[in-house]
Structure formats: C-alpha cells, structure tokens
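The primary structure of each chain is shown beneath.
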Amino acid sequence: MRIRRLSEGTVNRIAAGEVIERPASVVKELVENAIDAGSSQIDVAFRGGGKSLIRVSDDGIGMGPDDLALAVERHATSKLSDDDLIDIRFLGFRGEALPSIGAVSRLAISSKPRSGGDAHVITVEGGHLTPPRPAALNFGTEIDVKDLFFATPARLKFLKADRTETVEAAEVVRRMALAHPEIGFAFVTEERRLVDVPKDEGEEARIRRILGAEFMENAVPFELDREAVRVRGYAGLPTWSRNNSAQQYMFVNGRSVRDKLISGAIRGAYADVLPSGRFPALVLFLDCPSERVDVNVHPAKAEVRFRDGGLVRGLIVSAIREALGRKRAPDTGLSRQTVSSFRPVMPRPFNHRGFDEDEKQAALAMNMPPASAPVTEPQVAQPDYPLGNARAQIHDNYIVAQTRDGFILVDQHAAHERLVYERLKRERADRGVETQPLLVPEVVDLDPVQVERLAGAAELLAQGGLVLEAFGDGAVIIREVPAAIGKGDISGIVRDVADELSELGVTTSIEDRINHVLATMACHNSVRSGRKLRPEEMNALLREMEATPNSGQCNHGRPTFIELKLADIEKLFGRR
C-alpha cells in the first residue's frame, strides 16, 4: 500500500481522539476558552451524560464573523504572540479544541463582541462548515455541542453511564472554580445544579464553598516562595485522610493538573504522618514565571514539566511539612466521630452489699462519699496548657488530661513513638544521631538474606545511629545504637529494620530510607502500652508533645490524641 495524505475530516477525527476523550474533555476545553476570553460568569448546561447537549455560555469579549470562521480551523489561535511556545499565559493555545469537537459532533458557536457589532453564529457538523450568519445574542459567546461522537459511533461504546459522565464533567467545573474564584460558575443538568458559585469570591471562601466547611476545619494553610516560584494552599490533616487521591486539587499558574512530580512531592511531605494506602486532602496552587514551566507536553495539557523540578519538589515538601508541624490541635472530624460513638446505656442495679445502712443512706443522699471511698483533695490551680494537665491514666495506656474547655485522651505509646522519632531526626539534622557504644557488642542471629541486606545498608544505618557488621553467614554484630534507644530491644529492632529494608526497595530515596529506619527504631523504644506512669511523667509527655512537630500523629499516621469539648460532653448528657 502506497503512502497517501489523509483527508481533512480524518485528520480532525484523529486529533479529536487525542483531545476529546469523553464529554468532560469537551467541557474542559470550552470552559478554558471562556476563562481566556475574560469572562466573569460561565454557565454549563449538560444533558444526556453530555451526549445529547453540552452548552457553555460566557460573558467574555466575544468574536466577530471573521474570527468565528477562523476559530474552527485547526491550529488557529489568538493566544500565541510571535509563535512563542515558551511564554504561554493562557489555558488554551494550540487551536485544536473547536475543530476537534466539530469533527465528531454537531457544533454551533454564537458570539457577539463586547466592543460592539452584531451577533453571528457558525455551525460545524461532522467536520462540514456552514458560513457565519446573523444571530440573536446580547454579548459574549454561547457554544452548543449536540450529538457528541455521532460521526464516530464506535467511541460511544467506550463511554460510561450518563451519571458517571455527568459527575466527571461537574468535577472539571469544580476544579476550574477553585482556580478562579473571581469568576462565577454554574453546572446544570436535567435534574439539578451540581455547581453554583458566585463571582468575586475570596480564595478561602471559594474553597470552603466547593470542598465544604469540614475540609477547612481540618486543614492548615501553607505558603512558601523561593526564586520566583510560589506555592500556597491548604493541607488536610493526616487524621482527615482519604482512601484515594480524588480530594487532591493541584494548579499550576491557574491550570488544573495531575502532575507526577507534584503528586510525588505531596507523598513525600506526608511520608512521616500517613500510613501506606491513605491519601491527604489538599488544595495546592503553584505560581511561577511562564518560561520556567512547559505546559505543551500532554495532549490534554494535564501534565507539565518544570525547568527546575528539584526546586519545585523541595518547595512543596517544605511548605506542607512546616504547616503540619505547626498544627497541634486535634481535627474536628475525629472529635465528631468520637462523640458519635457514645450512646446512652441503662445502668444496671447497684448492689450495695459491703456498706452498712448508714453509709448506704449517706451515699444515696450525696451528702458525703461512703467511708470506704477515697476522699478527693482540693485541686490546686495549674497553668493553662494547650494539651491540659494530666488527671488520670486508664487501662495503663491512655492519659486523661483536662483542658480549659474539655478533655484530651492521649495514646501514650503512639505519642512517645512520635517524640522519639522526631528527636532522632532532629539529632541527625543537627550534628548526627548521638550513639551509644555497647559495652558488650550484641550478636543477632538472622537468615543469610537478612544479613546480606543489613550489611549492604551498613552505611545508611550508621547515619541513623545503628552501627553493625556481618558476623559470619547467619548473624550480625551490633556495636553502637542511638542513645535515644539505648535500653530498647536491640535484637527486635535489627530484625524489624531488616524487614523494613526489604519492603522499601531500591527506588526509595536515601533520605526516606533513613527516616523509615529511624521510625522503626523509635517504635521499639517508646513507652509501651501497659506501663503505669506517674503524674509527673504524664505531664512531661504532654509538654513535650506541645513542643514537637507532628505530635498529633504517630509514625504510622494514626492519631496520638483526641479531644472532646465541654460543649460536646454536655450534648451527650442532654444539657444542650
């Protein structure tokens, strides 16, 4: 078969296959055009899962008849000056969207310039163009896309249910609305409005409206800039994590992206506070000069490439970690779950055997406690600490602390595990982990594979304060351990570290591998469940938690404490 040129219609349908994957892709391209046109209000009507009708209306600058005719030609655009593909300041720039949509649907574009002139409409049906003709429109642009994929019916078989396609398209508009709080957005289906936000909102108000008040109550703001690159947003608390990344919203210069470098930086920022398989909720805005980011690397412009990826990654990790480290208070979502877990229980009849009649009557009258009950001494006023003052230890594992307006319940093992881990990290960053030579080196028996694994990581382990070497084929000898864990179960630590190294694999960075080792060692040396603590020990733990970053979560991402407000307690007892 000889090589031949493809027809214009075939070329457009091939291009449409890259740009227009599903109805949500149409919505994305058209809404981006409306934003580029300087619109203050954008309305989207969506019918039949996007197959019957997609209508996007805006109040932007509009177009005259000459521009209308050019707009539906391939690679015709008003958004590139001097054919410069580096300095891109608009969301769209390739001139592919409208001709691609027109190649696979019945497309009608009505527009009237804001500067004056008459309204005109142009139609494209399966790639066949009808010249502009007069139309009725106030100003701005209205685009109707009907019978999507009628020209390529095979594509219809790959679409999902109408409800699923509708949700995907609404999510596109939600993301656009988050990035542009100055613009009003509406997304309307046959049944209801899925998106309806007013124009000229502040960034925080827009995030609260889109993601809900609960997200804002369980998120901390972050902001950091370096070398003309600025990152800001809101990072969800680790205890408010999700089982997928759907609640992660990332924007680069106002463009919604799903970028691997940014996603990896977010994972790195939460590595110490989230368990495997959990994902943070987050809104992240990154602004940088247009020449420092290439947006022309993906057909749908969903990915970008940074000139200095290391700078961007470091900036994101530092900003989020610093913000999470500032947060000490428990999240409200966890407190709500705690309150909802309580339920009224009918008390069983109390057997008063053991008291004499006089004591029984006195106890019932609440005039004084029975003689066998301990007398509570008057409490001395204590300072008002964020995590309160320890009042009791229950089940030899949980510390009860009273605050000004409620009480705190602390998991002593999880909390101390985080404190030891942060101490080890701090020592390593300042002057290296302080080590303690063993008077009698300890030999730990292992299988040959584990010995080889530990010997190969000896240099890395030494940076974490664990100095060892192979001792024959089936053992290692431990010569030094971190001073912070000097009294820990050394053999247990070594075995767990060997297992941890096998799970990390060779692709994990050196920094992450060392932190994983430190976390494993911290777990072994923390205050164990079942250990009784004296009041001064409990209060010392609380004070150190208040001074330690990320003390609200243990090394595995579980909460170290929860709080119940006095108002919540009063609701439980029907006092409010």
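Scroll up for the structure.
Basis of the calculations
Residues numbered from 1 in each chain as written. Predicted model: local features only at pLDDT ≥ 70, side-chain atom pairs only at ≥ 80, totals over all residues. Heavy atoms only, no water. Helix = DSSP H or I, 4+ residues; strand = E, 2+ residues; numbered from the N terminus. Buried < 20%, exposed > 50% of the residue type's maximum accessible area, 1.4 Å probe, protein only. Contact = heavy atoms within 4.5 Å. Areas by Shrake-Rupley, 256 points an atom, 1.4 Å probe, with all protein chains shown as cover. Core = buried A, V, L, I, M, F, W, Y, C linked by side-chain atoms within 4.5 Å. Salt bridge = Lys/Arg side-chain N within 4 Å of Asp/Glu carboxyl O. Pairing = 2+ DSSP bridges. Axes fitted to C-alpha atoms, helices over the stretch in contact; angles between N-to-C directions. Phe/Tyr/Trp six-rings, centres within 6.5 Å; stacked < 30°, edge-to-face > 60°. Lys NZ or Arg CZ within 6 Å of the ring centre and 35° of its normal.

Looking only at helices and strands, one finds 19 helices and 22 strands in the protein chain. In the protein chain, buried positions account for 48% of the 576 residues. Counted over contacts in the protein chain with a minimum sequence separation of 6, partners at least 24 positions apart contribute 68%. For the protein chain, the accessible surface area stands at approximately 29700 Å², while carbon and sulfur atoms represent 51% of it.

Glancing now at the nonpolar core. In summary, soluble globular proteins display a tendency toward joint burial of nonpolar side chains. Val31, Ile109, Val145, Phe185, Ile207 and Phe215 are the most contacted members of the largest nonpolar core, which totals 58 residues. Ranked by residues supplied to this core, first place goes to helix 6 (residues 162-179) with eight residues. Val229, Val231, Tyr270 and Val312 belong to the second-largest nonpolar core, a separate cluster that totals 34 residues.

The next thing to look at is the pattern of salt bridges. Tallied over the entire structure, the rule returns 28 salt bridges. Arginine 230 is paired through a salt bridge with glutamate 223; the nearest N and O atoms lie 2.7 Å apart. Its relative accessible area of 31% is what places arginine 230 among the partly exposed residues. A salt bridge links aspartate 405 to lysine 565, with the shortest nitrogen-to-oxygen separation between them at 3.3 Å. Placement of aspartate 405 in the loop between strand 17 (398-403) and strand 18 (406-411) and of lysine 565 in strand 22 (residues 561-565) is noted, with a sequence separation of 160 residues between them. Looking at aspartate 405, the relative accessible area reads 35%, which means it is partly exposed. Overall, the relative accessible area of 34% leaves lysine 565 in the partly exposed class. Shared partners join several salt bridges into a network, and the residues in it are Asp272, Arg418, Glu422 and Lys425.

So, on to the pairing of strand 8 (residues 193-197). When a strand is regular, its side chains alternate between the sheet's two faces. The pairing of strand 7 (residues 184-188) with strand 8 spans four bridges and is antiparallel. Looking at the pairing, valine 188 lines up with arginine 193 of strand 8. Taking the residues that link successive antiparallel strands as the turn, the strand 7-strand 8 hairpin has four residues.

Attention now goes to unusual backbone geometry. Positive phi is not limited to glycine here, since aspartate 147 has a value of about 50 degrees. With respect to the secondary-structure elements, aspartate 147 resides in the loop between strand 6 (140-146) and helix 5 (153-156). Located in the positive-phi region is aspartate 200, a residue other than glycine, with phi close to 60 degrees. Its location among the elements puts aspartate 200 in the loop between strand 8 and helix 7 (203-211).

Spatially, four strands are ordered 16-17-18-22 in an open sheet, and the strand pairing comes out antiparallel. Unpaired on one side and paired on the other, strand 16 (389-394) and strand 22 mark the two borders of the sheet. Neighbour-to-neighbour, the strand axes of the sheet open up by a mean angle of 25 degrees, direction not taken into account. Relative to strand 17, strand 16 runs antiparallel, the two being bridged by five bridges. Directly across from alanine 390, in strand 17, lies its bridge partner alanine 401. Where helix 13 (residues 412-430) meets the sheet, its contacts fall on strand 16, strand 17 and strand 18, and the angle it forms with strand 18 comes to roughly 70 degrees.

For the rest of this paragraph, the subject is the packing of aromatic side chains. Under the counting rule described, the total for this entry stands at three aromatic pairs. Between phenylalanine 46 and phenylalanine 187 the ring centres are 5.3 Å apart and the planes differ by 35 degrees, which places this aromatic pair in the tilted class. On the criterion of sequence distance, the pair formed by phenylalanine 46 in strand 1 (residues 41-47) and phenylalanine 187 in strand 7 is long-range, its members being 141 residues apart. With respect to class, phenylalanine 46 is no different from phenylalanine 187; both count as buried. Geometrically, the ring pair formed by phenylalanine 215 and tryptophan 240 is tilted, given 6.0 Å between the ring centres and 55 degrees between the ring planes. Note that phenylalanine 215 is positioned in helix 8 (residues 213-217) and tryptophan 240 in the loop between strand 10 (229-236) and strand 11 (248-252), a separation of 25 residues in sequence. Taken as a pair, phenylalanine 215 and tryptophan 240 share a single burial class, namely buried. When the ring centre of phenylalanine 150 is taken as origin, the NZ or CZ atom of arginine 106, which lies over that ring, is 3.9 Å away. The aromatic ring of tyrosine 385 is capped on one face by arginine 543, whose charged end is 3.7 Å from the ring centroid.

Before going further, it helps to spend a moment on the sheet that holds strand 6. An order of 5-4-3-6-2-1-7-8 is seen for the eight strands of this open sheet, with the pairing classed as mixed. The sheet is open, and its two edges are formed by strand 5 (128-134) and strand 8, each paired on a single side. Between one strand axis and the next, the sheet turns by 10 degrees as a mean value, whatever way the strands run. Across five bridges, the pairing between strand 4 (residues 120-125) and strand 5 is antiparallel. Bridging from a neighbouring strand, histidine 120 pairs with proline 134 of strand 5.

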